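The lines below spell out each chain.
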2 protein chains.
Amino acid sequence: MASPAIPDIIISRLPIYLRALTRMASEGQAITSSKDLGERLGISSAQIRKDLSHFGEFGKQGTGYQVAFLVEKLGQILKVKGEWEVALVGAGQLGTALARYQGFSHRGFHISVVFDIDPAKIGQWIGGYQILDQNEMPRILREQRIRLAMVAVPAGSAQAVADRLVEAGVKGILNYAPINLTVPNGVRVQYIDPVVHLQRMTYYL
Amino acid sequence: MASPAIPDIIISRLPIYLRALTRMASEGQAITSSKDLGERLGISSAQIRKDLSHFGEFGKQGTGYQVAFLVEKLGQILKVKGEWEVALVGAGQLGTALARYQGFSHRGFHISVVFDIDPAKIGQWIGGYQILDQNEMPRILREQRIRLAMVAVPAGSAQAVADRLVEAGVKGILNYAPINLTVPNGVRVQYIDPVVHLQRMTYYL
DNA sequence: TAGATTGTTAATCGATTAACAATC
DNA sequence: TAGATTGTTAATCGATTAACAATC
């Protein structure tokens, strides 16, 4: 009997828990509780316990959770114990900032290739990466079995890029282009659009 | 009698609708329907109609919605018809990319000031902005009545920056630092952390 | 032991969907 | 008119919360 699928909304909270717990660990905090973690995150303690209970029993009555142990477990659940290779498409302003960002490696990700379509950029170096020709992308992604990609191209080319990524076997796309992507079942897309986030706040002003 | 508060989950979808509709308009599409829009976004048509119905009747039976009219209405609802002034804190790699990003102005936002704490950066110019001393921030924000800010500083200083922003009257913070912020009621925070988004996908790989 | 906190159950709450009369 | 699509109601579905026995 297949275990029931875990709701996506629960999965989406786990990286937030992991981030907070990792910070606790770095601050020397050895033990936490659902109440403590919940207060930090603005989430109810019941929800945290319920979320975690889908994956096992990680705590101890009366005591709470070992921070290091929970970090370990969440890392396993999210499969970020090792390092995922990620392709970056688009070496413009934003792509360059992403290529230079130091925060990926300690949290389970590593940019392995950077692509652009502009002949003036191909061959140039940014953040330790030589920019490759986007036409080579399908071949290189297949060869390196890359399953994650970040898209930092103009909105007008994002869907075409996504189509080629999917063709090349990519299963997860982090899309920085301000446009919705259509992808087949089995492929996931996450969106980062600062304007959308800002607009989510102006309603309340 | 106060009208009942609109659930935040509905507000959070409106910018997505607006973005898709704006794109339709730019592609010359004059009319859409809840079915058409829903298919583009992977959302049910019923949900789109229900969401919009909280704010008025914007469509016509048998026909659908005028794209331009709906863009107008959503812009009003989200209060992004004019332009909001936004402060940017942190002029590092990411802050610089944000300062240079051209995509804010046509969607209701304008960066008016950029701050950093590093004496070597203060006074330098990036993307048309002269970097100001972060110590001047409270005074300048108050003077200019700025209510929105983007935080692109290291995680370790993000909470302190947020505290000062709140003190200075900021009501909405777009936080790029990979850490949860604690803010008083009445202040909103939105988070952008690429690693969180990537980790939300690796579970499924 | 007494106090604290877990994991889990049942109750509550809220969001989504299905369905359809109204009507363009 | 016939076909299409809205806005809305009621039903369904799913997520959150409250409560508590178990137990460290």
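Keep in mind the model is a prediction, meaning the values are calculated, not measured.

## Some thoughts on the protein's contact with DNA strand C
Link 1 in the chain: Not every one of the 25 residues close to DNA strand C is listed here, only the nearest: A:S34, A:R49, A:F58, A:G59 and A:Y65.
Link 2 in the chain: Contacts to DNA strand C include A:E57, whose side-chain N or O atom sits 3.4 Å from a sugar or linking oxygen.
Link 3 in the chain: A distance of 2.9 Å separates a sugar or linking oxygen of DNA strand C from a polar side-chain atom of B:Q47.
Link 4 in the chain: Mapped by element, the contributors of at least two residues to the surface near DNA strand C are helix 3 (45-53), strand 2 (59-60) and strand 3 (64-66) of chain A together with helix 1 (8-26) and helix 3 (45-53) of chain B.
Link 5 in the chain: Examining the composition of the surface near DNA strand C, we find that 4 residues originate from one element, helix 3 of chain B, more than from any other.
Link 6 in the chain: Residues belonging to the surface near DNA strand C are distributed by class as follows: 5 nonpolar, 12 polar and 8 charged.

## Brief notes about the packing of helix 6 (residues 137-144) of chain A against helix 7 (residues 155-167) of chain A
All names here are of chain A.
Link 1 in the chain: Between helix 6 and helix 7, whose axes approach to 9 Å, the crossing angle comes to 35°. Both helix 6 and helix 7 take part in a crossing whose hand is right-handed. Contacts from M137, P138, L141 and R142 of helix 6 reach helix 7 at V161, R164, L165 and E167.

## Some thoughts on the side chain of B:Q199
Link 1 in the chain: Inspection of the secondary structure assignment puts B:Q199 in helix 8 (residues 194-202).
Link 2 in the chain: For B:Q199, the side chain forms a polar contact with the main-chain oxygen of A:R107, separated by 3.2 Å.

## Observations regarding the protein's contact with DNA strand D
Link 1 in the chain: Taken together, 25 residues surround DNA strand D, and among them B:S34, B:R49, B:F58, B:G59 and B:Y65 come closest.
Link 2 in the chain: In DNA strand D, atoms within 4 Å of the protein come 64% from sugar and phosphate.
Link 3 in the chain: At 3.3 Å, a backbone N or O of A:Q61 approaches a sugar or linking oxygen of DNA strand D.
Link 4 in the chain: Take B:E57: an N or O atom from its side chain is 3.4 Å from a sugar or linking oxygen of DNA strand D.
Link 5 in the chain: Elements with a contribution of two residues or more to the surface near DNA strand D: helix 1 (8-26) and helix 3 of chain A together with helix 3, strand 2 (59-60) and strand 3 (64-66) of chain B.
Link 6 in the chain: By residue number, the principal contributor to the surface near DNA strand D is helix 3 of chain A, which donates 4 residues.

## Description of unusual backbone geometry
Link 1 in the chain: At A:K79, a residue that is not glycine, the phi angle is positive and equals roughly 60°.
Link 2 in the chain: Here A:K79 is to be found in the loop between helix 4 (67-78) and strand 4 (84-89).
Link 3 in the chain: Judged by relative accessible area, which is 34%, A:K79 ranks as partly exposed.
Link 4 in the chain: Not every positive phi belongs to a glycine, and B:R145 is a case in point at roughly 50°.

## Digging into the sheet that holds strand 6 (residues 125-126) of chain A
Link 1 in the chain: Read across the sheet, 7 strands follow the order 6-7-5-4-8-9-10 (chain A) without closing on themselves; strand pairing throughout is mixed. Each edge of the open sheet carries a strand with a single partner, namely strand 6 and strand 10 (188-191) of chain A.

## Here's the deal with helix 3 of chain A
All names here are of chain A.
Link 1 in the chain: All buried positions along helix 3 are accounted for by I48, D51 and L52. Summarising the axial view, the buried residues of helix 3 lie within an arc of 95°, below the 170-degree limit, and thus occupy one face.
Link 2 in the chain: Looking at the buried side of helix 3, the elements it contacts are helix 1, helix 2 (34-41), strand 3 and helix 4.

## Things to note about the domain arrangement of chain A
How big an interface is tends to be stated in terms of the accessible area lost upon association of its parts.
Link 1 in the chain: Per the domain assignment, the segments of chain A are domain 1 (8-77) and domain 2 (84-197).
Link 2 in the chain: Taking the mean C-alpha position of each, domain 1 of chain A and domain 2 of chain A sit 31 Å from one another.

## Description of the nonpolar core
Link 1 in the chain: Ranked by internal contacts, the top residues of the largest apolar core, which has 96 residues, are A:Y17, A:L74, A:F109, B:Y17, B:L74 and B:F109.
Link 2 in the chain: Setting aside its immediate chain neighbours within four residues, B:Y17 contacts B:L41, B:I43, B:Q47, B:I48, B:D51, B:L52 and B:L74.

## Some points on the relation of the copies chain B and chain A
Taken together, a rotation about one axis and a shift along it account for how the two chain copies relate.
Link 1 in the chain: If you rotate chain B by 180° and push it 0.0 Å along the axis, it lands on chain A with an RMSD of 0.0 Å. Between the two chains, the operation in question is that of a two-fold axis.
Link 2 in the chain: Of all interface residues in chain B, 100% are interface residues in chain A too; the two copies therefore contact each other through one and the same surface.

## Observations regarding the environment of A:A87
All names here are of chain A.
Link 1 in the chain: Within the secondary structure, A87 is located in strand 4.
Link 2 in the chain: For A87, a relative accessible area of 0% translates into the label buried.
Link 3 in the chain: Linking A87 and I140, residues 53 residues apart in sequence, is a C-alpha distance of 9.8 Å.
Link 4 in the chain: Each residue touching A87, except ones within four places of it in the same chain, is listed here: V113, F115, L141, I146, L148, A149 and M150.

## Description of the environment of A:Q76
All names here are of chain A.
Link 1 in the chain: The residue Q76 is located in helix 4 in this model.
Link 2 in the chain: Take Q76: its relative accessible area is 40%, and that puts it in the partly exposed class.
Link 3 in the chain: Distance from Q76 to Q190, taken between C-alpha atoms, is 21 Å for residues 114 residues apart in sequence.

## What about the sheet that holds strand 3 of chain B?
Residue and element names in this part refer to chain B.
Link 1 in the chain: Spatially, 1-3-2 is the arrangement adopted by the 3 strands of the open sheet, whose pairing is antiparallel. Strands with a single pairing partner mark the edges of an open sheet, and in this sheet they are strand 1 (31-32) and strand 2.
Link 2 in the chain: The pairing of strand 1 with strand 3 spans 2 bridges and is antiparallel. Bridge assignment links T32 to a residue of strand 3, and that residue is Y65.

The rules we used
Residues numbered from 1 in each chain as written. Chains lettered and ligands numbered in written order. Predicted model: local features only at pLDDT ≥ 70, side-chain atom pairs only at ≥ 80, totals over all residues. Heavy atoms only, no water. Near = heavy atom within 4 Å. Polar contact = N/O pair within 3.5 Å; in protein donor to acceptor, adjacent residues only side chain to side chain. Helix = DSSP H or I, 4+ residues; strand = E, 2+ residues; numbered from the N terminus. Nonpolar A, V, L, I, M, F, W, Y, C, P; charged D, E, K, R; others polar. Axes fitted to C-alpha atoms, helices over the stretch in contact; angles between N-to-C directions. Left-handed = near helix turned anticlockwise from the far one by under 90°. Contact = heavy atoms within 4.5 Å. Buried < 20%, exposed > 50% of the residue type's maximum accessible area, 1.4 Å probe, protein only. Pairing = 2+ DSSP bridges. Arc of directions from axis to C-beta. Domains from an automatic or database assignment. Core = buried A, V, L, I, M, F, W, Y, C linked by side-chain atoms within 4.5 Å. Least-squares fit on C-alpha atoms with pLDDT ≥ 70 in both.

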